[in-house]
Amino acid sequence: MILNLEHSPLTLLLSKNKVAIWDSSVKLAPFDQTVINSLSQLGVFLMKNGRTEPSIVAAGYWLRKTHLLTLQQEYIESCNTAKGVAFHIAPGNVDTLFFYSLVVSVLSGNQTILRISNKLTSQSLFLIELLTRFFNEDNKHDVLYSLIHLIQYNHGSEQGLEITQKLSLFADTRVIWGGNKTVDDISQIRQKRGANNITFPDRYSVAVIQLESDCEIDNAVNLFLTDIKPFNQQACSSPKVIYWLNTEQKLQDKFWLLFRVKAAEQLVLLPSDLVSQLVYLQRLPLLNNTNQNNELSIEKHNALQLVNVSFITEEAIKAHCGLWVLLSQQVEKLTEIVLFSHCQTVTTTGIESSKIKHWQQSTQLEKAPKRIVPAGQALTFSHIWDGIDLIDNLTS
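So, here is what we can say about the structure in this document. (Residues numbered from 1 in each chain as written. Predicted model: local features only at pLDDT ≥ 70, side-chain atom pairs only at ≥ 80, totals over all residues. Heavy atoms only, no water.)

Overview of the overall build of the chain
Filter applied, for reference: Elements are defined by DSSP. Helices are runs of H or I of four residues or more, strands are runs of E of two residues or more, and each kind is numbered from the N terminus. We take the radius of gyration over the C-alpha atoms and set the globule estimate at 2.2 Å times the residue count to the 0.38 power. The buried label goes to any residue with under 20% of its type's maximum accessible area, the exposed label to any with over 50%, and the partly exposed label to all in between, with areas taken from a 1.4 Å probe on protein chains only. Whether two residues touch is decided by their heavy atoms; if any such pair falls within 4.5 Å, the residues are in contact. The protein chains shown are the only cover counted for residues, whose accessible areas, like all others here, come from Shrake-Rupley with a 1.4 Å probe. In summary, the charge assignment counts Lys and Arg as positive and Asp and Glu as negative, without counting His or the chain termini. Note on charges: their place is set at NZ of Lys, CZ of Arg, CG of Asp or CD of Glu.
Each helix and strand in the chain was counted, giving 14 helices and 17 strands. On C-alpha atoms alone, the chain measures out to a radius of gyration of 22 Å, which is about the 21 Å that the 2.2 N^0.38 rule sets for 396 residues. Along the first, second and third principal axes, the C-alpha set of the chain runs to 65 × 45 × 40 Å. In the chain, buried positions account for 54% of the 396 residues. Restricting to contacts in the chain with at least 6 residues of sequence separation, those with at least 24 account for 73%. Of the roughly 18200 Å² that the chain leaves accessible, carbon and sulfur atoms contribute 50%. Charge separation in the chain, taken as the distance between the mean sites of 34 positive and 37 negative side-chain charges, equals 4 Å.

Okay, here's the thing in structure tokens:
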């Protein structure tokens, strides 16, 4: 089947020798050796040329050959064929997530058409520039290049909706990253018979920290900044809540004092973001209100607003805008922590692994979270995301 969108109002971002005409028969076997080789060389290229951007270096590191071969061994018996054409819709608030979605798709052998946001950050533009340079400099990567199609179009317009509809009917699988409304709206668009629909709606994440001495503070602050700093805290795996587990107040005070020093030049918000932050803080007393007595106090740590609460409601979480607002609650036991069904990631600091394992196996955590990881690894991408095995869903 051929889909011709050559005269449609869309932009091809990697346009060397390309037009918006796609053949559904183009695909490779999962973990094709040529693709693995090219991806690993792309990783080296990104780490060398993108070293000014930590997120791009991290993306390059994910592509190291040993990692790709490990993934291949993991799926050597279960992945027989690629789905075919994969249509991905990337989020606009996480700079490099589109890249990981793209990589997993082509690694699975799929011809990948990825719609990227029209409002690209400087990091995203730099990453696309590096991809363009990589493919233009050497034709030996043309096999990988033939699977990759980055596109932009005004998806909110009538013509944009028509493009989404055509791509949805053309593709063998559709991957939607975004908020609940985006996921719901696009999921209602008809797909090809037998095509699957992989969705990643709104999620939230939390941090659990236990400190017992001053010597633990510096490392705890560094790890916490690693998880919260990128993407203005708007990534689904960036903590929006911090639970202090049996930690003396004086240690918490020293934590935030050091945080202010380290974050002084790292957390920056636009005026529009400051307005969104203020609106959320004004709504919070009503959002976090129940019949119980819920004391609320706010501390300012540079751009970050720390809101101390006695408990946290689901309404307060769902309305959370990121943008350096952190809800903080004191707990004496892990079992006091209430996680809602859309909790994605829990990061932990200073807690014994046996206690985490026991908590994870409790009936309290049957539905949430999707993963528990050490602090500093909240934003580390995995091919299993939100409990969904992407490689398994992108192959047959």
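Looking at the sheet that holds strand 7 (residues 173-177)
What counts is decided by this rule: One requirement defines pairing of two strands: DSSP has to find at least two bridges between them. Orientation is described by axes fitted as lines to C-alpha atoms, over the contacting stretch for helices, and by angles from 0 to 180 degrees between their N-to-C directions.
Spatial strand order, 2-6-5-4-7-8: 6 strands in an open sheet with mixed pairing. Two strands bound the open sheet, and with one partner strand each, they are strand 2 (10-12) and strand 8 (196-200). On average, adjacent strands in this sheet sit at an angle of 20° to one another, irrespective of strand direction. When strand 4 (residues 85-89) meets strand 5 (residues 111-115), the two strands line up parallel, connected through 5 bridges. Looking across to strand 5, one finds that Val85 is bridged to Gln111.

Let's talk about the sheet that holds strand 11 (residues 296-301)
With mixed pairing, the 7 strands of this open sheet are ordered in space as 11-12-13-10-9-14-15. Of all the strands in the sheet, the pair left with one neighbour each is strand 11 and strand 15 (371-374). Geometrically, the sheet is characterised by an average inter-axis angle of 25° between neighbouring strands, direction not taken into account. Two elements, strand 12 (residues 304-309) and strand 13 (residues 325-331), share 4 bridges in a ladder whose sense is parallel. Paired with Gln305 across the bridge in strand 13 is Val325. The strands that helix 11 (residues 271-287) touches are strand 11, strand 12 and strand 13; relative to strand 13, the one it contacts most, it runs at about 35°.

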